[in-house]
Amino acid sequence: MGESAYGIDPGVIRRIASEINELSKANVEVAIVIGGGNIFRGAGLSAAGIDRVTADHMGMLATIMNSLAMQDALEQLGLHARVMSAIKINQICEDYIRRRAVRHLEKGRIIIFAAGTGNPFFTTDSAASLRAIEIGADLLIKATKVDGVYSDDPVRNKSAKRYARLSYDEVIEQKLEVMDATAVVLCRENSMPLRVLDMARQGSLMRAVCGEDEGTLVTANK
């Protein structure tokens, strides 16, 4: 949503798409999970009094809107992109089928996984971990607004320490807000390396993919 209070900032979408374009040109297979918090956030709506299942379904639809925007931005750059939804919405995008997703990647297409896991009570963090494991990804990247994982909120606590490396157990035991606990446990149980980085930093995705020390790396051993 960029600097806006809500919605989609076309400039931000184009910038992210250009970084993904660089990865694709480097023959990196890319799959993306997009949240919907810039439009609707299920947990927030639930806290406001809306039934949690209904609120989560609204959040899933918001992720589809964001995914279509990203697909359009990628296609304007000449890339082939496919939106695959965990809930049936056939007139707009494909259903998520694991084997088809892998085939799209093998053909050099960008995959955008929409609608989370398709189930209420699960975040898009959990969806990202699940899809990364299902397609056999080499690395799961959590692209966020901070340049890694900190010991405390760096906005409120200027002396908060940024970690270069962490183990899954440290993240869970210290309740570090990397991803929700379910997502981290999924990564731990399936040895999926996780890197947390600042999406606003130009070139951060490419540096992470190239193995540079970008953000915070979370693995089995610190």
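Overview of the structure. From a predicted model like this one, the values you see are computed outputs, not experimental measurements.

Reading guide: rules and limits
- Residues numbered from 1 in each chain as written.
- Predicted model: local features only at pLDDT ≥ 70, side-chain atom pairs only at ≥ 80, totals over all residues.
- Heavy atoms only, no water.
- Pairing = 2+ DSSP bridges.
- Helix = DSSP H or I, 4+ residues; strand = E, 2+ residues; numbered from the N terminus.
- Axes fitted to C-alpha atoms, helices over the stretch in contact; angles between N-to-C directions.
- Salt bridge = Lys/Arg side-chain N within 4 Å of Asp/Glu carboxyl O.
- Contact = heavy atoms within 4.5 Å.
- Phe/Tyr/Trp six-rings, centres within 6.5 Å; stacked < 30°, edge-to-face > 60°.
- Lys NZ or Arg CZ within 6 Å of the ring centre and 35° of its normal.
- Parallel < 35°, antiparallel > 145°, perpendicular 65-115°, else oblique.
- Left-handed = near helix turned anticlockwise from the far one by under 90°.
- Nonpolar A, V, L, I, M, F, W, Y, C, P; charged D, E, K, R; others polar.

1. Side note on the sheet that holds strand S9 (residues 194–198)
Turning to step 1, where the next piece is worked out: Reading across the sheet, the four strands line up as S5-S9-S10-S8 and stay open at both edges, with mixed pairing between neighbours. Edge positions in the sheet fall to strand S5 (140–144) and strand S8 (165–167), since each has one partner strand and no second. Averaged over all pairs of adjacent strands, the angle between their axes in this sheet comes to 20°, without regard to strand direction.
Turning to step 2, where the next piece is worked out: As paired strands, S8 and strand S10 (residues 216–219) are joined by three bridges and run parallel to one another. The residue of S10 that forms the bridge with Arg165 is Leu217.

2. Let's talk about the pattern of salt bridges
Turning to step 1, where the next piece is worked out: Under the defined criterion, the tally for this structure stands at 13 salt bridges.
Turning to step 2, where the next piece is worked out: Arg52 is the partner of Asp56 in a salt bridge, and the nearest nitrogen-oxygen pair spans 3.0 Å. Taken together, the positions of Asp56 and Arg52, both in helix H3 (residues 52–76) and four residues apart, correspond to about one turn of that helix.
Turning to step 3, where the next piece is worked out: It is possible to trace a salt-bridge network through shared partners that takes in Arg82, Glu94 and Arg100.

3. Here's the deal with the side chain of Lys142
Turning to step 1, where the next piece is worked out: By the secondary structure assignment, Lys142 is in strand S5.
Turning to step 2, where the next piece is worked out: Among residues more than four places away in sequence, those in contact with Lys142 are Asp125, Val178, Met179, Leu194, Arg195, Val196 and Leu197.

4. Examining the packing of aromatic side chains
Turning to step 1, where the next piece is worked out: In total, this model carries one aromatic pair according to the counting rule given.
Turning to step 2, where the next piece is worked out: Positioned above the aromatic ring of Tyr96 is the side chain of Arg131, whose terminal nitrogen or guanidinium carbon lies 3.8 Å from the ring centre.
Turning to step 3, where the next piece is worked out: Sitting above the plane of the Phe113 ring, Arg131 keeps its charged end 5.9 Å from the centroid.

5. Considerations on the sheet that holds strand S2 (residues 81–85)
Turning to step 1, where the next piece is worked out: The four strands are arranged S1-S4-S2-S3 in an open sheet whose pairing can be described as parallel. Two strands lie at the open edges of the sheet, namely strand S1 (31–33) and strand S3 (94–95), each paired on one side alone.
Turning to step 2, where the next piece is worked out: Strand direction decides the pairing type here: S2 and strand S4 (residues 110–114), joined by five bridges, are parallel. Within S4, the residue paired with Met84 across the bridge is Phe113.
Turning to step 3, where the next piece is worked out: Lying over the sheet, H3 contacts S2 and S4, oriented at roughly 165° with respect to S4.

6. Brief notes about the environment of Leu139
Turning to step 1, where the next piece is worked out: Tracing the backbone shows Leu139 in the loop between helix H5 (124–134) and S5.
Turning to step 2, where the next piece is worked out: As for Leu139 and Lys175, which are separated by 36 residues in sequence, their C-alpha atoms are 22 Å apart.
Turning to step 3, where the next piece is worked out: Those residues in contact with Leu139 that lie beyond four places of it in its chain are Met192, Pro193, Leu194, Arg195, Ala208 and Leu217.

7. Focus on the packing of H5 against helix H7 (residues 181–189)
Each packed pair of helices is defined by two parameters, the angle between the axes and the distance between the axes.
Turning to step 1, where the next piece is worked out: Following both chains from N to C, one finds H5 and H7 inclined at 15°, their axes separated by 7 Å at the closest point. By the angle between their directions, the pair H5 and H7 is classed as roughly parallel. Every pair of crossing elements has a handedness; the one defined by H5 and H7 is left-handed. Judged by residue contacts, Asp125, Ser126, Ser129, Leu130 and Ile133 of H5 engage Thr182, Ala183, Leu186 and Cys187 from H7.
Turning to step 2, where the next piece is worked out: Here the residues of the contact of H5 with H7 are counted per class, giving five nonpolar, three polar and one charged.

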